[in-house]
Amino acid sequence: MSGDDGESQAASCVYIQHPKRGWVECSLKSLDASKAVVKITAIPAEFADASTFADTTDPTKVTEPQDIPAEEQTVKLSDYSDGTLPLQNVDAEGNLEPVADMGDLAFLHEPAILFNLKARHRAGIPYTRTGDIVIAVNPFMWVEDLYSVETKQAYADNFIWRQDGADEATRRNSIAPHVYETSSMAYSGLALGGIDQSILVSGESGAGKTETVKIVMSYLATVQSIGSDDDDGMPSSRQVVTKVLDSNPLLEAFGNAKTVRNDNSSRFGKYIQLEFDGESAQEAAFAGKSFPSCNMAGSQCDTYLLEKSRVVNHEPEERTYHIFYQLLEAPKSFKSALWKGFENQDMLSFKYVGHTKTTRIEGKTDGEHFEKTIKAMSMLGISDDSINVLFGAVATVLQLGNITFAQDPNNDEGCIVSSQDELDRLSDILGVPAADITTAITYRFVKARGESFKVPLSTSDAKDGVDAFAKEIYQQIFDWLVKKINQATCAELNYDEGNNDPDSFGTIGLLDIFGFESFKVNRFEQLCINYANEKLQAKYTVDIFKSVQEEYEFEGLDMCAIEFADNTSVLRLIEGRMGLISVLNEECVRPKGNDSAFVSKVHTLNKDSDVLIVKKMHRPTEFAIQHYAGPVKYEATFFVSKNTDVLPSDLLDCACKSTNTLIQIELKAAANAKIEAAPKKRGKSSTTVWTKFRSQLTGLMGTISETKTRYIRCIKPNKAKKSLIMDHKSTVEQLRCAGVIAAVTISRVAFPNKLTHVSAVDRFWCLSDIAYDEAKAEGQQVDTLFDSKLKHMETEKDGVIRKIYVMGKTRVYFKQGALEYLESKRIVALGVLAVHIQKCVRGFIARNKYQRMRASAIIAQTKFRKYVALRNYKTTQKTSLVLQCWTRVILSAKRLKTLREMTSAISVQSRWRKFREVRKFGKFRLAVILVQRMTRGMIQRPLYREMKAEALEDAKIENQLKILQKKLAEAESKMRDAEKARKEAEARAGTGGSPSTPVLVSESPEAEEEKKIDDASNQQNLIHESEVMLEYLRNELFKAKGKNFLLRSDYSDLKEDYKKVSGSLASAVASFGAQKQHAQQLNNSNKKLVLKLTAERSLISHLTIKVKEKDGEYENIVKKLQDELAESKLHNKKLVEKLKKEMQASKMVASPRPAPRVSKIVNDLEEGEIRTVFSGDREEGTRASFDDENSWGHDLFFSEMNRGGGGRRRRRRRRKRTPPENPPETNQAPSQSQKEEPAPAMRRQSSLQFSVSTQNKPQPTYSSVTASSRKPPTPTSWKKVGGKADSPSQMPPKPARELTRAASSSLAAAVQASSSTTERKRRSK
């Protein structure tokens, strides 16, 4: 596209006024003298403005955005200023060019400012600058990295720590607009200049004023620690800073509420003065600091005009103050401890709160906000008791709303309390008797002529009184909280680093006051709020517009006629001599003053005012004012009562009786203050709400006027609270109300550019044809220079020549285009010098280029020669490598053949040696097996014969027992026959004989029978004693054999371990031989490893010595075991011989009872007194038991080893085995398997007394068996050799000789087992 086409397209992009959407973008189609045809640009739904989908009458009703189609429209040029359509700031492509500073707009007008803000808002950039005013558009979302530490660092470095001497304008142009910019300049002005600062944040409700103030406060509180070279920081004031920042949640909880425009709207005004302890620039320089320290020391907060009416009434879509909802959502434990009336209560239970659909404020629930509020109170040092008193007062306000009234049936003019339950609950929380409360809210005591009259109240008056009581309590709660915050944050009480004089601290004030409000029904609160905004607008006008005029007058310039909104007439109407405040105060003190009379007087006394709107359709209580932001109609109902705001003395006395100290003390103090402020003379107005508010505003404006004021204008882009969307109409109205458009326009209508005389000389003296004369004044020489250079730009009007620049006392001011022309001439003048410099530079560059080319050519030739030589070398090298490779191939083939032959020979030799050794090993193994089999047979055959003989002896004993039992049965039979014969003889003697029969004839048979009976009885006793002795000996024999079996098993384990050690030793010896042989071979083949081989030999020798030492130790142990075994065997033989002698002696005596020695041993065994038989240790007793001929555990172990068994698992399994039911025949020849395994067979045959068939439990382990713990098995559990079990009564008796013989063998085994058990106990101890 050509330059002319771009200029034509740019000139065709204009703005027009749309009846619904406000300013819209369009392109010019045709134009004549009176009208123009334009085409409105189509807009996609995602870029549509808010007016296309939001209902301005009801912001809560929002529809989905829709595409805006393009359309053509004919407009009248007469509807626009100067008869021309405003042009767009677009590039050659027709795209809008947004700028950070709206003073840089080429076409500066209202739509240009609007669309510049809209473009930046759509791009997620909320801040725009116009001079030193920052415009903040609420993005309705959190912008990432906009408030990060890095961003704070950048603005602090640019505006505070920067030391290059740049002015504020230069610093602003070097960084994007931000509220940190305003904060940094305020901090720098206080720290460097020592001038108190103020930052006024204004805007309508929902524009983000409160959030902006919190962001500025957070930055100012921490700016000293950001980027400072000093290490001072804020060591002691960090706690104060934390308290200052944590006070915001408290003020928001008690002073903010949800409105139709904002979910967290401030319903009060506050002016926070941040107190800083700063040092002067001289003190900082003397201390060697680059920047004076300025630490935050504390803060003071002043509040204005709390909206008390919201406590008792609010719109359905709105909410009352946040603290009421937070208290109702508090934890149940807290509420129950505070007041029992909160049980089973919710929002609907309290009429002042009611139902709400809003459950979250700023993303958090009311319960979460309550925790945050409690935490903030704790941080500020408010005690738990004070917190309970505070929330008790809040609960009192809630309960007051539930009091209802009904007409008194006995008095038509009076009323009664209809909600008695609610009254009792109020009495409980307030701490005042219900009767006193009833009297205070249903009657008024009026004093007249020194007498007091009790006047009943109507239901409406009583309800108004209760509401007034609730509002007054909440007002005192809020004031008490503000005092607590000031006590916790003020520098006088909390700063410990310096002087605590309040006048010694510098201040930066932050004003966050309610924005301009205009609703369907505007009442007294809206009038007060708009009055405060009018005062601030007047201050803004003075600072922005009149300050420019004063500057021009100081420089001696003529101020151009600039039109701007001046609201002095509105302020005159409100606070003038006959203004609204005076008239309303007069009505408040008049006996029958009312709202209608107030409105009538206002209309009459101010009929000449151009800002008082009077319409015939207005009601008697309505009037309208043309504010700077637009016309607002007010409803004056309740103006008089709200302005008076006097709490009846009856309710005040009731409050003084309360047990809640906050209500009692604060209300009484407030009442006393009002009494002291009341006029002494009659006829003067009392202290009203509006008068008090005006005095507060006057003091505030006086404080602000003493500071350097900076402004942040907050804009609410749309009423639907959607991000990236802007409502054109409402935004333009806010820009007009804020004076932004006029502030931008003034800099362009008069003199947009200015320079000091020194700067003008330094910058543009290069255009002069004469030398600079230092003797002359700079202003004269600058005037001479610009007069000659800007002569052609002069204009003539009415015969008067007007220059394009104006000389001031210290500065020179340029009109539009003058400075741009000078800059162009300066560039041309500097261009002449630049050409000479360029010539020299180009020559230098050309020479350097030639030299580099020559050097490059030489290098290229060198590299080419190198390439040729290298190529020839590589060819020769390649040929040589081919020859070398073939030679190596031939030699390697021969060597490979030799290696293959050697490998094959070695393989054949290895296999032959392996075959030979395997065959030799097989023969040796067969021989070893044969030797082992023969050895085992030789060992087991004598044992087998002994066990067989023992089994035969046991069988004989059993046969003899049967014979004895049989004889016993016969004796019993004979005894029964004898008894029967005796009874028959007695019967015959009693019945058949005569008295004369001789006695000798009948006594002979009876004596014989008695003798037989005595013999049978003696025989029966003998048999019984024999059976008891036999059973006991069998039990002892069973226990002894079991112990003997366990001892043999332990010996088998030791023997198995010894075999393993012997095998390991043999392996080690074999390994040593193999290593030695291998070492000799290596020594013969490689002589270089001699040293290493020597070390290995020394190591092997060391190992051999240790192995031999171990072998010697094992041999000593085995020898010792053999000696101990022989000694124990000899001792055992002696004991057996002794027992045999005793048995022989008993046989010779042939007594039916056992020998005394045998009886003593039996008794000792029963009482557990036999402890030690052998004098040796446990191993001696153990080895002695291994040589017992009647034991079979040792044979069993070797038999299992021959079969491949071993280990603890097999031993446990063997111990659980039971002997066979039927023993083999004595004359039966053993089978092949019995020959190979004689020990198990013998164990099964000789285990008659070793099995317990009834209990079927495993035998106890060796370590757990003791002499006292092993009980003899029950005789009924033994099994007979033949396989059938018989009770002792069924067994035949045995002779005494057989019993003695069995007892001797059992005692021998019992003695051995007892000795082993005793030794185990001793060793375990």
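J.: I'd like a rundown of the overall build of the protein, residues and numbers included.
T.: Helix and strand content of the protein: 39 helices and 27 strands. The burial tally for the protein puts 43% of its 1325 residues in the buried class. A separation threshold of at least 6 residues defines the contact pool for the protein, and within that pool the share at least 24 residues apart is 73%. When the accessible area of the protein is evaluated, it comes to approximately 72,400 Å², of which 54% is carbon and sulfur surface.

J.: Residues and numbers for the side chain of His757, please.
T.: Residue position: His757 is located in helix H28 (residues 757-764). Setting aside its immediate chain neighbours within four residues, His757 contacts Glu778, Gly779, Val782, Met807, Gly808, Lys809, Thr810, Arg811 and Val812.

J.: Could you give an account of the confidence of the model for the protein, with specific residues and numbers?
T.: Overall, the prediction assigns the protein a mean pLDDT of 77, with 77% of residues at 70 or greater. For the stretch residues 230-235, pLDDT sits under 50, and the model shows twelve contacts to residues farther than four places along the chain or on other chains. The low-confidence segment residues 1149-1297, where pLDDT is below 50, has 277 contacts with residues more than four positions distant or belonging to other chains.

J.: Mind laying out the packing of helix H2 (residues 110-122) against helix H26 (residues 728-738), listing which residues take part and the relevant values?
T.: Contact geometry for H2 and H26: axes closest at 10 Å, N-to-C directions at 115°. It follows that H2 is roughly perpendicular to H26 by the angle criterion. In this structure, H2 crosses over H26, and the sense of that crossing is right-handed. Contact with H2, carried on its side by Glu110, Ile113, Leu114, Phe115, Leu117 and Lys118, involves His728, Thr731, Val732, Leu735 and Arg736 of H26 and no other residues of that element. Residues of the contact of H2 with H26, tallied by class, amount to six nonpolar, two polar and three charged.

J.: Outline the side chain of Glu110, supporting the account with residue identities and numerical values.
T.: Examined against the element boundaries, Glu110 turns out to sit in helix H2. A polar atom in the side chain of Glu110 sits 2.8 Å from the side chain of Trp23. Beyond its immediate sequence surroundings of up to four residues, Glu110 is in contact with Gln17, Trp23, Val732, Arg736 and Ile741.

J.: How would you summarise the nonpolar core if you had to cite specific residues and measurements?
T.: Counting 118 residues, the largest nonpolar core has Phe254 and Phe324 as the members making the most contacts within it. No other element matches helix H16 (residues 459-489), which puts 13 residues into this core. When neighbours within four sequence positions are excluded, Phe324 is seen to be in contact with Val311, Val353, Val394, Val397, Leu398 and Tyr474. Counting 49 residues, the second-largest nonpolar core is a separate cluster that includes Phe545, Val583, Val599 and Cys737.

Rules of the game
For every chain, the first residue of the written sequence is number 1, and numbering continues from 1 onward in sequence order. Only residues with pLDDT of 70 or above have their local features reported here, since the model is predicted, and side-chain atom pairs are shown and tallied only from 80 upward, although totals for entire chains, interfaces and linings are computed over all residues. Hydrogens and water molecules were not included; the side-chain quantities draw on all heavy atoms of the structure. Here a helix means four or more residues in a row that DSSP labels H or I, a strand means two or more in a row labelled E, and each is numbered from the N terminus. When accessible area is computed with a 1.4 Å probe and restricted to protein chains, residues below 20% of their type maximum are described as buried, those above 50% as exposed, and intermediate ones as partly exposed. Residue contacts follow a heavy-atom distance rule, with two residues in contact if any of their heavy atoms lie within 4.5 Å. Residue-level accessible areas treat just the shown protein chains as cover; the underlying method is Shrake-Rupley with a 1.4 Å probe. pLDDT measures the predictor's confidence residue by residue and takes values from 0 up to 100. Note on definitions: angles span 0 to 180 degrees between N-to-C directions of axes, and those axes are lines fitted to C-alpha atoms, for helices only across the stretch in contact. Small angles under 35 degrees read as roughly parallel and large ones over 145 as roughly antiparallel, with 65 to 115 read as roughly perpendicular and the rest as oblique. The sense of a crossing depends on the near helix, which, turned anticlockwise from the far helix by less than a right angle, makes the crossing left-handed and, turned clockwise, makes it right-handed. Residues are sorted three ways: Asp, Glu, Lys and Arg are charged, Ala, Val, Leu, Ile, Met, Phe, Trp, Tyr, Cys and Pro are nonpolar, and all the rest, Gly among them, are polar. N or O atoms closer than or at 3.5 Å make up a polar contact, with two conditions inside protein: a donor-capable atom paired with an acceptor-capable one, and, for residues adjacent in sequence, both atoms drawn from side chains. In these notes, a set of buried Ala, Val, Leu, Ile, Met, Phe, Trp, Tyr and Cys residues joined through side-chain atoms within 4.5 Å is what counts as a nonpolar core.

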